[in-house]
Every structure is written in C-alpha cells, then in structure tokens.
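Chain by chain, the residues:
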Amino acid sequence: MVDVVPRSGPVLHGLDIETDTSCDGLDPRVSEIVAIAVSSDHGDAVFSNASERELLEATDEHLAHCATGVLVTWNGAAFDLPFLASRAEVHGLELGLRLAVDPRLAVRTALPGHDGAYRAAWHSHRHLDAYRVWRNDLHRLVDMSCSLKAVARLTGLRPVEVDRERVHELSAEVLDDYVASDARLARLLAERRWSTAEPFIDPLDNGATRDTVCCIG
C-alpha cells in the first residue's frame, strides 16, 4: 500500500489548522482558528499563541515566500481551506487564498456557511487534498476509515494523538506538536501515493478568485 519509489515533482507543503473546541469547533461562524501549521521538507512552521488575525496574516505571509509548489491538506477542500476563508472574511482580510466550489467533489456534510468542497490555490501554490487520493485508492482495496490518523498508522507513521473534542484544553506545546504533526502527515501521505496523486492536484487557474472568498456566505 505504501509508494516507496523516490518522488520527483513539485515541492510539497502540508497544511493543517486547529479550531477552538470550547464552542463548535466545526462551525467557522462561531469558532476561531487557534493554530495553523505548514510543513515542508526543511521543517515545520507553526503559527499559534496570537490573535486569530495575526495567525492568518502570518500564514499568508509565510506561504507567499515559500518555494512554489503544491499545498497539501487532508480534507482541506471541504474543511480547512473554506474555514480559513470564512475566518479571514470575519477580519476583513484579503489572503492569497482563492477558492472555487466544485460540485463534483462529494461531501457528506458541507461546512456551515458553504455549499460544498472547493478547488483551491494559495498564492503561487496549487492545492492537493490528499484525503481524496487515499479514499480513492483505499475504497477499492479495503473497508477502513480514511481518517488522517488511521491512514497514517496504516503506513507506519506515528501521529501525535489527542482528544480532538478537547483541543481547547491542550497546553501551547502540545497544541503546536499536534497541528505540526497533522500538517506533516498530510504531506508525507501525499508523497507515499505520489504515483496516483498528480491527477488530483487542483489547477492553479481554476476559475477561483479572491472575490470568490469574499462572497462566501
């Protein structure tokens, strides 16, 4: 199941967010983002312990200066990226994030305030939802959960695990380790399925604009 062939291709940047679970951490209308991580080959950048506006600005600035590549998420098409867009809208921020709804991307339940899943780009980076790559492969082979932690364990990776419903109770150190681990896992799992991942990469010119983000309702 693990693609062990050395990968050649674009630079990969894993991205993950954690939200405030003291309220409904799955609803961007009421919950703030408390941590964001971007994982690359040279290390993990974690943005936390600051106001939400500062986290969003710091992440956007970081991605603007990262080597052009592919931004990898796990279910980011339906959760992380629209959540980020909604929270940026709350603060009146114009990020380099561009989204376009794609009705062909099935979702069980759309994120509150959104109509479905998105094709995306952020600054010069295209987007890859690694969850969709693995779901496509695993559903043809075995009946198992396609959660990030389950797939990571399947491939021999060791995720940092916490009670996801009590993220608000984590210490700053554990929160940083947790969000960095998830961003890193998304990137590594994309690398392990790279032979089948490339067709899932969103095109940079996907019809999305910053206006699309601003109009999310």
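Summarised in this report is the structure supplied together with it. (Residues numbered from 1 in each chain as written. Predicted model: local features only at pLDDT ≥ 70, side-chain atom pairs only at ≥ 80, totals over all residues. Heavy atoms only, no water.)

### Focus: the pattern of salt bridges
How we decide: Here, a salt bridge means any side-chain nitrogen of Lys or Arg that lies within 4 Å of a carboxyl oxygen of Asp or Glu. Secondary structure counts use DSSP, requiring at least four H or I residues in a row for a helix and at least two E residues in a row for a strand, with both numbered from the N terminus. Only protein chains enter the accessibility calculation, which uses a 1.4 Å probe. A residue is then buried if its area is under 20% of the maximum for its type, exposed if over 50%, and partly exposed in between.
Taken as a whole and assessed by the stated rule, the structure comprises 14 salt bridges. One salt bridge connects Arg119 with Asp202, and the closest N-O pair in it is separated by 2.8 Å. Within this pair, whereas Arg119 is found in strand 6 (residues 118-122), its partner Asp202 is found in the loop between helix 6 (194-197) and helix 7 (210-214), the two being separated by 83 residues in sequence. Take Arg119: its relative accessible area is 22%, and that puts it in the partly exposed class. Residues Lys149 and Asp182 are paired through a salt bridge, measuring 3.0 Å at the closest nitrogen-oxygen approach. Placement of the pair is Lys149 in helix 4 (residues 148-154) and Asp182 in helix 5 (residues 172-192), with a sequence separation of 33 residues. Residues Lys149 and Asp182 agree in their burial class; the two are buried. Through salt bridges with shared partners, a single ionic network connects Asp102, Arg104, Arg119 and Asp202.

### Here we look at the layout of surface pockets
Convention followed: As defined here, a cavity is a set of points on a 1 Å grid over the protein atoms alone where a 1.4 Å probe fits but cannot get out. A pocket is an open set with protein on both sides within 12 Å along at least five of seven lines, and residues line them when an atom is within 4 Å of a point. Grid points are joined across faces, edges and corners, and a volume is the space filled by probe spheres set on the points. Gly is put with the polar residues, along with every residue not named as nonpolar or charged; the nonpolar set is Ala, Val, Leu, Ile, Met, Phe, Trp, Tyr, Cys and Pro, and the charged set is Asp, Glu, Lys and Arg.
By volume, the largest pocket is sized at about 1,100 Å³. In terms of lining residues, the largest pocket is bounded by 34 residues, among which Leu26, Trp74, Asn75, Phe79 and Arg164 are the most central. Contributions of two or more residues to the lining of the largest pocket are made by strand 1 (11-19), helix 3 (130-138) and helix 4. Ranked by residues supplied to the lining of the largest pocket, first place goes to strand 1 with four residues. Along the lines of polarity and charge, the residues of the lining of the largest pocket split into 16 nonpolar, eight polar and ten charged. Approximately 180 Å³ is the volume found for the second largest pocket. Lining the second largest pocket are 13 residues, and of these Leu105, Arg119, Arg132, Phe200 and Asp202 sit closest to its centre. Those elements giving two or more residues to the lining of the second largest pocket turn out to be strand 6, strand 7 (125-129) and helix 3. Looking at the lining of the second largest pocket residue by residue, the classes come out as six nonpolar, two polar and five charged.

### Looking at the environment of Ala100
By secondary structure assignment, the location of Ala100 is in strand 5 (residues 97-101). The spatial distance from the C-alpha of Ala100 to the C-alpha of Pro82 is 9.9 Å, given a sequence separation of 18 residues.

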